[in-house]
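Architecture at a glance
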Number of protein chains: 2
Amino acid sequence: VNIQPHEITAVILAAGSGSRLQGLTAKSPKPLIPLLGLTLLQRSILSCREVGIRNFAVVVGHRKTEIIPHLRQIQERYHISVQVVENPNWERGNGTSVSACAPYLSGPFLLLMSDHVFEPKILYGLMASGEESTTCSLLVDRRTDQIFDEEEATRVSLNGNMVTAIGKGLKRYDAVDTGFFLCQQELFDALETAMRKGDGTLSGGIQQLIQDNKVIALDIGNHFWFDIDTPEGLVHAKQCLLDRLSKPGEDGIISRLLNRALSRRITEWLVATNVSPNQITLVSFLMGLLAAFLFTVPGYLYSVLGGLTTQFASIVDGCDGEIARLKFQSSRFGAWFDTVLDRYCDVAIATAIIYREWTTHPSTNVWLLGILAISGFVLASYTKKEFSLRYEEKIPGGIVEKVTKRDLRFFAIFVGGMVNKPFEVMVLMGLISHAAIGWVLSSIGRREKWRG
Amino acid sequence: VNIQPHEITAVILAAGSGSRLQGLTAKSPKPLIPLLGLTLLQRSILSCREVGIRNFAVVVGHRKTEIIPHLRQIQERYHISVQVVENPNWERGNGTSVSACAPYLSGPFLLLMSDHVFEPKILYGLMASGEESTTCSLLVDRRTDQIFDEEEATRVSLNGNMVTAIGKGLKRYDAVDTGFFLCQQELFDALETAMRKGDGTLSGGIQQLIQDNKVIALDIGNHFWFDIDTPEGLVHAKQCLLDRLSKPGEDGIISRLLNRALSRRITEWLVATNVSPNQITLVSFLMGLLAAFLFTVPGYLYSVLGGLTTQFASIVDGCDGEIARLKFQSSRFGAWFDTVLDRYCDVAIATAIIYREWTTHPSTNVWLLGILAISGFVLASYTKKEFSLRYEEKIPGGIVEKVTKRDLRFFAIFVGGMVNKPFEVMVLMGLISHAAIGWVLSSIGRREKWRG
């Protein structure tokens, strides 16, 4: 039986001084250094919470009086249980910090460092490895050629998936220690043995277990993790987290090539504030309404302004999700709210463009073509959603999926606004949307021999 | 471990003469009597297929030369495996028909009669009971006061869930035999024993097993089943199947009170034809386009005709699903196709009504209000679908859900058409839709403390 996330405790070490981050630790101790809107410690805890972990033991030592109140806040705000473990001997090595947790733990537990950023899903594999209850599991990274700070990395020698040696000084090694463990109670005895030999480090304790063939290695594969030890490392970690904001399978071509590059910058600035993703959703919506208003004003200038504002609303529309992912604030409500408001925004901008055209070319056809465009936009999205509901999978990708994406539609309107032809471009996009719906209905219908 | 539907064989008895259905069996043998578009035998097989059963053994005897070709057709059309078992001794009792299957079966099997109509899901419980591999399970009905043809029912005495006696003549009884069994191989020995005693019926064999405490009863609960033995029974079964077409949790108020009563009649007529549900979807869509066209023609008469056609399209829109359910033709594609076309139909009728108003009251506001109404209709549906996708459940019901249903919207337009005010009524419905969307967003947002 697998270990369930809600049953396991994650031990997070936050007792050290982080001497190599000196410049940054003047203001706050290392675990409280802010990174994209969250402290390092907060990010570690929320990454664990993301996979369902609810119980934490956080070991503090150096500057504990600053860290403990922060932990109290986290506990309250995120509805998790945090056991604060004080380690007066923290200077004797991080092994003493693990030992200090012994009274609070029974059975296997996760062990991680407060200064590591990582993809939460790496913890699933680690928890699943807890079935074999006599060995510790260590997540290792075999990409030894890609290590940011190779000199400082803790090296690991392997024989198959058995760990045969661990240490910074290893000459020959197969992987590096990521600092993510699934530990058994045996670790406490091993740490004591190492301590008696004068080694107070966690690696020292692990080395004792290795001698009994009790440590297996789990490959982290291509997943992201990073150990922040220096100011340069902090900058690098930030870049990595921002780079990971695009949604490869989902982002349209304009998102990928243009919008994400700009929304990232806005997000980078916004995460440091208290603004919530849902508030950004509202702001993006209001920006869409502003674009709509601008389009209703006659004159070329307002066509340009309307187009620019439309494109800007499209860029800001990416920020809510980015902030939510960076700060672990994603919610079903947020996703629903954002999508519904996007459709309202589509309708508002389209109606404004129709009205604009109508004031200069007063023909009934303007309205009819306009309604054709509006219905194309909304129904293209509707058709995809309904497909997902019925088939319990995404609609098959391809050209149809690409031409009906919002980022492309808004970019087209932006270009249309620039050349004073927003209506023509919009109607064209609407026709393309209808054609795409017709194509996808008929192609899937043929596939399913629709006569039934 | 449960028995998996794709592993089990369903034995269907279709060898008897059905003497009490004489008038109807002049043209075709009893298993081939048509009922709402399917023969009785076909309906039995498809009901089993609905829960995942793919292997069948059908016992034929009386008029087998007519039944066998029909089985070949079914096998080919529905991609199932049908073993035809011929029983030359069918006149000696239905037990001989079961015995004839012995060479083709190993392990537990389902046993049912070709002249029973039933809710497919009753088979799940029966298959789950197959875990205890030494007993037969018999589905019984304790609603003894509601039996259609009580005289002819096979009666069952129970002690807890053990069957203690079975037979038509029982004076005291607790339930009636529904004719649905999960049987073990032991049944064949029991049938032989009964046969030696001169009893060739299935009940005779079951009685032998009862003496060894090897038959347990499973309650069919409130599920529907019916044994067709007489012309009156056939009419009754038809009524029951038609009555079960409404979707209690889903149908709107107009569907419930008006549309279903009419669509049932159309469905009753259409199921006998070769028309597929998807074709009805198309017809309903074209009817909507006709309604749209009628609304564009000036004059009160065309307002009435447009309204009537709209309401008729709404009624016919129920038929595709009804036919699909009656003939086991439901498909994900059909549901998707129907929903997308419904939205196109909504847009077409609404646009026509706007155009109608515009020709008599040429004000820009007509178009703006019209777009407001169209977007309200489409986005109300969109908001619900998107909620289902994100929350993986239906949007909470209540007034909001009720006022945005299509049956009500089209009924309102119908009434509007009758009084020559389709536009006013439509705009009102559109406003109500937007209010409903706003209300549901804000109430669920509050519930989820949306600031996050």
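Above this text you will find the structure in question.
Definitions and limits used
- Residues numbered from 1 in each chain as written.
- Chains lettered and ligands numbered in written order.
- Predicted model: local features only at pLDDT ≥ 70, side-chain atom pairs only at ≥ 80, totals over all residues.
- Heavy atoms only, no water.
- Helix = DSSP H or I, 4+ residues; strand = E, 2+ residues; numbered from the N terminus.
- Buried < 20%, exposed > 50% of the residue type's maximum accessible area, 1.4 Å probe, protein only.
- Contact = heavy atoms within 4.5 Å.
- Lys, Arg positive; Asp, Glu negative; His and termini not counted.
- Charge placed at Lys NZ, Arg CZ, Asp CG, Glu CD.
- Least-squares fit on C-alpha atoms with pLDDT ≥ 70 in both.
- Phe/Tyr/Trp six-rings, centres within 6.5 Å; stacked < 30°, edge-to-face > 60°.
- Buried area = accessible area lost by both parts, 1.4 Å probe.
- Salt bridge = Lys/Arg side-chain N within 4 Å of Asp/Glu carboxyl O.
- Nonpolar A, V, L, I, M, F, W, Y, C, P; charged D, E, K, R; others polar.
- Pairing = 2+ DSSP bridges.
- Patch = residues over 30% accessible without salt bridge, like charges linked within 9 Å, V, L, I, M, F, W, Y side chains within 5 Å.
- Areas by Shrake-Rupley, 256 points an atom, 1.4 Å probe, with all protein chains shown as cover.
- Arc of directions from axis to C-beta.
- Right-handed = clockwise from strand over helix to strand, strands pointing away.
- Expected span 1.5 Å × (residues − 1).
- Core = buried A, V, L, I, M, F, W, Y, C linked by side-chain atoms within 4.5 Å.
- Axes fitted to C-alpha atoms, helices over the stretch in contact; angles between N-to-C directions.
- Left-handed = near helix turned anticlockwise from the far one by under 90°.

Another point: the overall build of chain A. If you tally the helices and strands in chain A, you get 17 helices and 13 strands. Structurally, chain A occupies a C-alpha span of about 90 × 60 × 40 Å along its principal axes. The proportion of buried residues among the 452 residues of chain A is 57%. By sequence separation, contacts in chain A at least 24 residues apart represent 75% of the contacts at least 6 residues apart. With 46 positive and 45 negative side-chain charges, chain A shows a separation of 5 Å between the mean positions of the two kinds.

Overlaying chain B with chain A gives an RMSD of 0.0 Å, the required rotation being 180° about an axis along which the chain moves by 0.0 Å. As the rotation angle and translation indicate, the two copies are arranged about a two-fold axis. In this assembly the copies share their binding face: 100% of the residues contributing to the interface of chain B also contribute to that of chain A.

The tally for this structure, following the rule as stated, stands at 21 aromatic pairs over all chains. On the numbers, 6.2 Å between centres and 85° between planes, the contact of Y391 of chain A with W336 of chain B is edge-to-face. Of this pair, Y391 of chain A sits in helix 14 (residues 364-391) while W336 of chain B sits in helix 13 (residues 332-360), each in a different chain. Taken as a pair, Y391 of chain A and W336 of chain B share a single burial class, namely buried. Connected via pairs of aromatic rings, a cluster forms that spans F333, W336 and F337 of chain A together with F387 and Y391 of chain B.

A few words on the interface of chain B and chain A. Taken together, the 51 residues of chain B in the interface contact 51 residues of chain A. A combined buried area of about 4900 Å² lies between chain B and chain A, and 72% of that area is made up of carbon and sulfur atoms. Taken together, the links from chain B to chain A amount to four salt bridges. Residues E448 of chain B and R332 of chain A are paired through a salt bridge, measuring 4.0 Å at the closest nitrogen-oxygen approach. Of all the secondary-structure elements, those providing two or more residues to the side of chain B that touches chain A are helix 10 (277-296), helix 13, helix 14 (364-391) and helix 17 (422-447) of chain B. Among the residues forming the side of chain B that touches chain A, the class breakdown is 28 nonpolar, 15 polar and eight charged.

On to the pairing of strand 6 (residues 109-113) of chain B, then. Residue and element names in this part refer to chain B. The buried fraction of strand 6 amounts to five of the five residues, a majority that puts the element mostly inside the structure. A two-sided burial pattern is seen for strand 6, the buried positions comprising F109, L111 and M113 on one face and L110 and L112 on the other. Relative to strand 6, strand 1 (residues 9-14) runs parallel, the two sharing four bridges. Each residue of the ladder has a partner; that of I12, found in strand 6, is L112. In this structure, strand 6 lies alongside strand 11 (residues 175-183), joined through three bridges in antiparallel fashion. Paired with F109 across the bridge in strand 11 is C183.

What follows is about a nonpolar patch on the surface. Residue and element names in this part refer to chain B. Where nonpolar side chains cluster on the molecular surface, the patch consists of I253, L257, L258 and L262 and spans about 360 Å² of accessible area. Among the structural elements, I253 can be located in helix 9 (residues 253-270). On the basis of relative accessible area, I253 is assigned to the partly exposed category, the value being 45%.

Next up on the list: helix 6 (residues 186-196) of chain A. All names here are of chain A. Along helix 6, the residues classified as buried are L187, F188, A190, L191 and A194. Along the long axis of helix 6, the arc covered by the buried residues comes to 160°, so they all point the same way. In helix 6, those exposed residues whose orientation departs by more than 90 degrees from the buried face are D189 and R196. Lining the buried residues of helix 6 we find helix 4 (94-99), strand 6 (109-113), strand 11 (175-183) and helix 7 (202-211).

Moving on: the pairing of strand 4 (residues 55-60) of chain A. All names here are of chain A. Counting buried residues in strand 4 gives five out of six residues, a clear majority hidden from the surface. Judged from the six bridges that link them, strand 4 and strand 5 (residues 81-86) form a sheet pairing that is parallel. Across the sheet, the residue bridging to F56 is V82, located in strand 5. You can see the chain leave strand 4, run along helix 3 (residues 64-78) and come back into strand 5, and the turn it takes is right-handed.

It is worth spelling out the side chain of S381 of chain B at this point. Along the chain, S381 of chain B falls in helix 14. Exposure remark for S381 of chain B: the relative accessible area of 9% places this residue in the buried category. The contacts of S381 of chain B, once residues within four sequence positions are left out, are Y382 of chain A together with R343 of chain B.

The next thing to look at is helix 3 of chain A. Residues and elements named next belong to chain A. With 15 residues, helix 3 extends 21 Å from end C-alpha to end C-alpha; this agrees with the ideal 21 Å at 1.5 Å per step. Burial in helix 3 covers these residues: I67, I68, H70, L71, I74 and Y78. Relative to the axis of helix 3, the buried residues are bounded by an arc of 165° and lie together on one face. Seen from the buried face of helix 3, the exposed residues on the opposite side, beyond 90 degrees, are T65, Q73 and E76. Packed against the buried residues of helix 3 are strand 1 (9-14), strand 3 (38-39), helix 2 (40-50), strand 4 and strand 5. Immediately beyond the C-terminal end of helix 3, within one or two residues, lies H79, with a positive phi of roughly 55°.

Of all hydrophobic cores here, the largest spans 89 residues; its most connected members are W336, I349 and M426 of chain A together with W336, I349 and M426 of chain B. Of the residues forming this core, the biggest block, 14 residues, is contributed by helix 13 (residues 332-360) of chain A.

Our focus in this paragraph is the environment of S255 of chain A. Residue and element names in this part refer to chain A. With respect to the secondary-structure elements, S255 resides in helix 9 (residues 253-270). Exposure remark for S255: the relative accessible area of 13% places this residue in the buried category. Between the C-alpha atom of S255 and that of A217, which follows or precedes it by 38 residues, the distance is 39 Å. Ignoring sequence-local partners within four residues, the contact set of S255 consists of R260 and D407.

The subject of this paragraph is the pattern of salt bridges. Residues and elements named next belong to chain B. For the coordinates displayed, the defined rule picks out 56 salt bridges over all chains. With a closest N to O distance of 3.5 Å, E250 and K247 form a salt bridge. Under the relative-accessibility criterion, K247 is labelled partly exposed at 32%.

Turning our eyes to something else, we now look at the side chain of S114 of chain B. Mapped onto the elements of the fold, S114 of chain B is located in the loop between strand 6 and strand 7 (116-118). The residues contacting S114 of chain B, other than those within four sequence positions of it, are I12, L13, A14, P31, L40, L41 and S44 of chain B.

Turning next to the packing of helix 9 of chain B against helix 16 (residues 406-418) of chain B. All names here are of chain B. The contact between helix 9 and helix 16 brings their axes to 7 Å, and the two run at 65°. Of the two possible hands of crossing, helix 9 and helix 16 adopt the one that is left-handed. In contact with I253, I254, S255, L258 and N259 of helix 9, helix 16 contributes D407, L408 and F411.

Take the environment of R409 of chain B next. By secondary structure assignment, the location of R409 of chain B is in helix 16. Looking at R409 of chain B, the relative accessible area reads 3%, which means it is buried.

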